[in-house]
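Residue-level structural notes
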Amino acid sequence: MTKFRRAYRSARFLVPGAVAVALLAGCAQGSGGAAAASGTPQSAPPTAEPADPSGPAEPAGPSDPAGPTVTVTPAPSDASASSAPAGRAAPGTLLVTDFGSDTVTFVDPARGATGSVKVGTAPYGLVVGADGRAWVATAEGVAVVDTERRKRLALVPYRTGTGPVTTGEYRGGGMGIALSPDGRRVYVGVNVPGGNGTLEVVDTAALRVTETVPVGRRPFDVDVSRDGAEVYVTNHDSFDVTVVAAGSLSFRRVEVAPYGTEGGLGSWLKPHYAAVRPSDGRLLLPFEGERLAVVDPRTGRTTIEPMTADTHQHGATVTADGTLLTVGTGPIDPDEDKGPSLTVRKPGGAERVYPLEGPHESAAVSRDGRTAYVTGGFTRDGYWDGLTVIDLDSGDTRRLPAGSRPLGIVVL
């Protein structure tokens, strides 16, 4: 049986204030949910809340699709203008969400930022379709961006009430976002500060929300199966993935907690992002650079494989051949853990760890698979305004200033 070091990680949750200053400002949920709901901007990590003994609230069923019509608000012409000329982006151009602002930024990997488009407050995740439209999860709604003309086409408001529009790690609104394989639906995880979130379904032709499905707390990530039959919502603060049938919108909860759920909202050992393995459709969720949770969404069974980076992990993406890239943000305990890194894990389990300077959040890979781009935004303190570019053959890295706390990233 595989042995994992530091089994006591499961006891890491409520960190005393004097110690917490020296540790990574990680992912223990605190009073930020309530602060965001009251409209108070969060400028510093909150103190951790005690675990809720009753657990997450039991979700209700899917919403009645016959809800009120949702209006689409186009961006004002002056707000959607880009600082770079319009036209089809050169292959390999990057698009990042500026979580510290209200824009997305186009980035030339060699030269840096080439222009920005206003999309809405604190954009988080994004996805780009074959038609060149980018769908961006902001605090206000899903922004639709024409990446050729570099213009916001619309802002689709959420149906779910999320309180006042705010910024910061615990803000309400869209987080993870994904597109169905046929391009007809966008799925966005909507955070409701202080409570369970929702999955909202956007009709990409009508540009309106057509359905909502209850999910867990703080839906960091949304993924879709390769055949489009299922949607997977990774819920950070409820230690689970919500598996949603795309046709019926029926759903079920799969707990993913390789260190257990001790500490509840105060735990640092919760899921963040998932990737769908191309070979078999299983979900890959990295934890702490020690454990890779491999989840079969059909059965709900989770198996654990060892990892080697020994660092708190956030973003995850997978290439067509099944290579997993996951971003290490840095140590929970500097005396025991290692620093920020990018782990590249081959399908057979062999790993190469690339050290990084400072915390990062998400990663994308060039079309030829030789270069990785890692955003410096990070959901907590320690972020910076740029990307790290990694030559995956040589291991050479360079920092590229771009954007404002860039978080999500795609390669156009």
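Residues numbered from 1 in each chain as written. Predicted model: local features only at pLDDT ≥ 70, side-chain atom pairs only at ≥ 80, totals over all residues. Heavy atoms only, no water.

1. Things to note about empty space enclosed by the protein
Enumeration over the complete set of coordinates arrives at 2 cavities of 30 Å³ or more. By volume, the largest cavity amounts to about 70 Å³. Along its surface, the largest cavity is lined by R277, L284, L292, E305, G322, R345, K346, P347 and G349. (1 Å grid on protein atoms, 1.4 Å probe; cavity = no way out; pocket = protein on both sides within 12 Å on 5 of 7 lines; lining within 4 Å. Points joined across faces, edges and corners; volume = space filled by probe spheres on them.)

2. Looking at the sheet that holds strand β9 (residues 185-191)
One open sheet accounts for 4 strands, arranged β8-β9-β10-β11; its pairing is antiparallel. The sheet is open, and its two borders are formed by β8 (173-179) and β11 (208-214), each paired with just one other strand. The average angle at which neighbouring strand axes cross in this sheet is 25°, direction not considered. Where strand β10 (residues 198-203) lies against β11, 6 bridges are found, and the strand directions are antiparallel. Of the residues in β11, the one forming a bridge with E200 is T212. (Pairing = 2+ DSSP bridges. Helix = DSSP H or I, 4+ residues; strand = E, 2+ residues; numbered from the N terminus. Axes fitted to C-alpha atoms, helices over the stretch in contact; angles between N-to-C directions.)

3. Concerning the pattern of salt bridges
Counted by the stated rule, this structure contains 18 salt bridges. One salt bridge connects R253 with E255, and the closest N-O pair in it is separated by 3.7 Å. Assessed through its relative accessible area of 46%, R253 is described here as partly exposed. Judged by relative accessible area, E255 falls into the partly exposed class, the value being 44%. Here D393 ties to R370 by a salt bridge, and the two come within 3.3 Å at their closest N and O atoms. (Salt bridge = Lys/Arg side-chain N within 4 Å of Asp/Glu carboxyl O. Buried < 20%, exposed > 50% of the residue type's maximum accessible area, 1.4 Å probe, protein only.)

4. Quick notes on the environment of R380
Position of R380 among the secondary structure elements: in the loop between β25 (371-375) and β26 (386-391). Classification of R380 as buried rests on a relative accessible area of 5%. Note: C-alpha distance between R380 and T329 (51 residues apart in sequence) is 9.6 Å.

5. Looking at the packing of aromatic side chains
Under the definition given, this model contains 3 aromatic pairs. Between the aromatic rings of F99 and Y124, the centroid separation amounts to 5.7 Å while the plane-to-plane angle is 90°, which identifies the pairing as edge-to-face. A residue pair is termed long-range when its members are at least 10 positions apart, and F99 in the loop between β1 (94-98) and β2 (103-108) and Y124 in the loop between β3 (112-118) and β4 (126-128) qualify at 25 residues. A relative accessible area of 3% means that F99 is categorised as buried. Classification of Y124 by relative accessible area gives buried; the value is 4%. (Phe/Tyr/Trp six-rings, centres within 6.5 Å; stacked < 30°, edge-to-face > 60°.)

6. Here we look at the sheet that holds strand β24 (residues 363-365)
As summarised here, the arrangement of the 4 strands in space is β24-β25-β26-β27, forming an open sheet in which the pairing is antiparallel. Where the open sheet ends on each side, the last strands, each with one partner, are β24 and β27 (397-401). The sheet shows a mean angle of 25° between the axes of neighbouring strands, taken without regard to direction. For β26 and β27, the ladder comprises 5 bridges, and the chain directions are antiparallel. Across the sheet, residue T388 finds its bridge partner in β27, namely R399.

7. Quick word on unusual backbone geometry
The phi angle at L207 is positive, at roughly 55°, despite the residue not being glycine. Within the secondary structure layout, L207 lies in the loop between β10 and β11. One non-glycine residue, E288, adopts positive backbone phi at about 60°. Topologically, E288 is positioned in the loop between β17 (283-287) and β18 (291-295).

8. Overview of the confidence of the model for the protein
Overall, the prediction assigns the protein a mean pLDDT of 85, with 79% of residues at 70 or greater. For the stretch residues 10-26, pLDDT sits under 50, and the model shows 41 contacts to residues farther than four places along the chain or on other chains. With pLDDT under 50 throughout, residues 30-60 is counted as low confidence; its partners more than four residues away or in other chains account for 52 contacts. (pLDDT = per-residue confidence, 0-100. Contact = heavy atoms within 4.5 Å.)

9. Observations concerning the environment of G247
With respect to the helices, strands and loops of the structure, G247 is situated in the loop between β14 (240-245) and β15 (251-255). Distance in space between the C-alpha atoms of G247 and A229 is 7.0 Å, their sequence separation being 18 residues.

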